Every structure is written in C-alpha cells, then in structure tokens.
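# Residue-level structure breakdown
The residues making up each chain are set out below.
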Amino acid sequence: MVIERATIVAEARSWIGTPYRHQASVKGVGCDCLGLVRGVWRALHGDEPEPLPAYTPDWAEATGRDTLLAAAGRHLITIAPDTARPGDVLLFRWRAGLPAKHAAIVTAPDLMVHAHDGARVAEVVIAPWWRRRIAGTFAFPDVIA
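Residues numbered from 1 in each chain as written. Predicted model: local features only at pLDDT ≥ 70, side-chain atom pairs only at ≥ 80, totals over all residues. Heavy atoms only, no water.

Where an unreviewed UniProt entry is consulted, the protein appears under the name Peptidase P60, with the organism given as Rhodoplanes serenus.

Written out as structure tokens, the structure reads:
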C-alpha cells in the first residue's frame, strides 16, 4: 500500500476540534497527542502495530524512560529533523533531559496538528519554542516521497 502525504495531512486535519482526553483515540470524541497519531495510523494502515498499555499523565517523569521515542522507532521511519515534511511525525521533550512526551503531525512547512492538555486538537505554527524541543522526527511507513 502506498500513502500520499496529502492523505496523512487531510486525516490529521480531520481530527481538529476533537477534545483532549487522556488515553483516548476517537475522532470527534476525544484524544491525547498519542491518540491522534494512533488514529491517523489506523486510518492509513488499519490495526495499530502493538497494544498500548494504560499510562498516567506523568508516565514519562515517573519512569524516566524514552518509551514514546522507542515505540516510534519500532513502527515509524526515523528521518533527520531538517527533512520533516507534511505528513511526518514530530516528538517533543518538554525540557532537556526529560523523555519525549508529546507528538504532532506536520501539515505544512511551518504547521502541525496536535492534541494538548486543556485544549482541542488544533493546527498551530511550529514556532521556535517547538523546534527547540524536537526529540525525534519520523515518517509513516509506505509514504510516497
């Protein structure tokens, strides 16, 4: 199966307005940042690649492990940060030294769609604040260059 970047962007944008709900991944009902990426994955590939264990809001701080970065590395294709294009996935660290804990999907050279605690899924500018916090950049499998 070959996936066009425009298809990924359209799917990510179709989640805009979905309320933030920790651990959820249901378009229009609720999702967190990982739930958004999981939902886009399901739209592109069907079943999710591995079961997701329950996680608390402080899971990264509690474990200190880069669980999100490791999972992305298992199922997505690692790319250089300066090569990210619409349809790619960005992972972020809130602060240096902390595990990656936030995810977004690039929708334009300077835009991304993400789910943030206390807000609905939105498309926002990838401002310098975000760029400084990029921990990993990934492409979905089977994407047309």
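## Things to note about the overall build of the protein
To keep it simple, the criterion reads: Secondary structure elements follow DSSP: runs of H or I of four or more residues count as helices, runs of E of two or more count as strands, with numbering from the N terminus. In this treatment the radius of gyration is a C-alpha quantity, and the globule benchmark scales as 2.2 Å times the residue count to the 0.38 power. Burial classes follow relative accessibility: with a 1.4 Å probe on protein chains only, a residue under 20% of its type's maximum area counts as buried, one over 50% as exposed, and anything between as partly exposed. Should any heavy atoms of two residues lie within 4.5 Å, those residues are counted as being in contact.
What the protein contains, in helices and strands, is five helices and eight strands. Helices and strands in the protein line up, N terminus first, as α-β-β-α-α-α-β-β-β-β-β-α-β. In terms of overall size, the protein behaves like a compact globule, its C-alpha atoms giving a radius of gyration of 14 Å where 145 residues would be expected to give roughly 15 Å. Based on the C-alpha atoms only, the size of the protein along its principal axes is roughly 40 × 35 × 30 Å. Looking at the 145 residues of the protein, the share that counts as buried comes to 40%. Put simply, 57% of the contacts in the protein that link residues at least 6 apart link residues at least 24 apart.

## Notes on the packing of aromatic side chains
To be explicit about the condition: Any two of the Phe, Tyr and Trp rings considered here, Trp counted by its six-membered ring, make a pair once their centres fall within 6.5 Å; the pair's planes then place it as stacked at under 30 degrees, edge-to-face at over 60, or tilted in between.
Within this structure, the stated rule accounts for five aromatic pairs. Aromatic pair Trp41 and Phe140: ring centres 6.4 Å apart, planes at 45 degrees, arrangement tilted. Of this pair, Trp41 sits in helix H2 (residues 33-45) while Phe140 sits in the segment after strand E8 (134-139), and the two are 99 residues apart along the sequence. When its relative accessible area of 11% is taken as the criterion, Trp41 is described as buried. By relative accessible area, which is 1% here, Phe140 ends up buried. Feature note: the residues Phe92, Trp94, Trp129 and Trp130 constitute an aromatic cluster, connected by ring pairs.

## A short note on helix H1 (residues 5-14)
Stated precisely, the cut-off is as follows: Each direction from the helix axis to a C-beta atom contributes to the arc, which is the arc of those directions.
Listed in full, the buried residues belonging to H1 are Arg5, Ile8, Val9, Glu11 and Ala12. When H1 is viewed along its axis, its buried side chains cluster within an angular range of 165 degrees and face the same direction. Residues of H1 that are buried make contact with H2, strand E5 (102-108) and strand E6 (111-114).

## A word on helix H4 (residues 67-75)
Of all the residues in H4, the buried ones are Leu68, Leu69 and Ala72. Down the axis of H4, the sector holding all buried residues measures 100 degrees, keeping them to one side. Elements in contact with the buried residues of H4: H2, helix H3 (59-63), strand E4 (89-92), E5 and E8.

## What about unusual backbone geometry?
A positive phi angle is found at Gln23, which is not glycine, with a value near 70 degrees. Taking the relative accessible area as the measure of exposure, Gln23 reaches 31% and is therefore partly exposed. Unlike most non-glycine residues, Asp142 shows phi in positive territory, near 70 degrees. Here Asp142 lies in the segment after E8. Look at Asp142 and you get partly exposed, because its relative accessible area is 43%.

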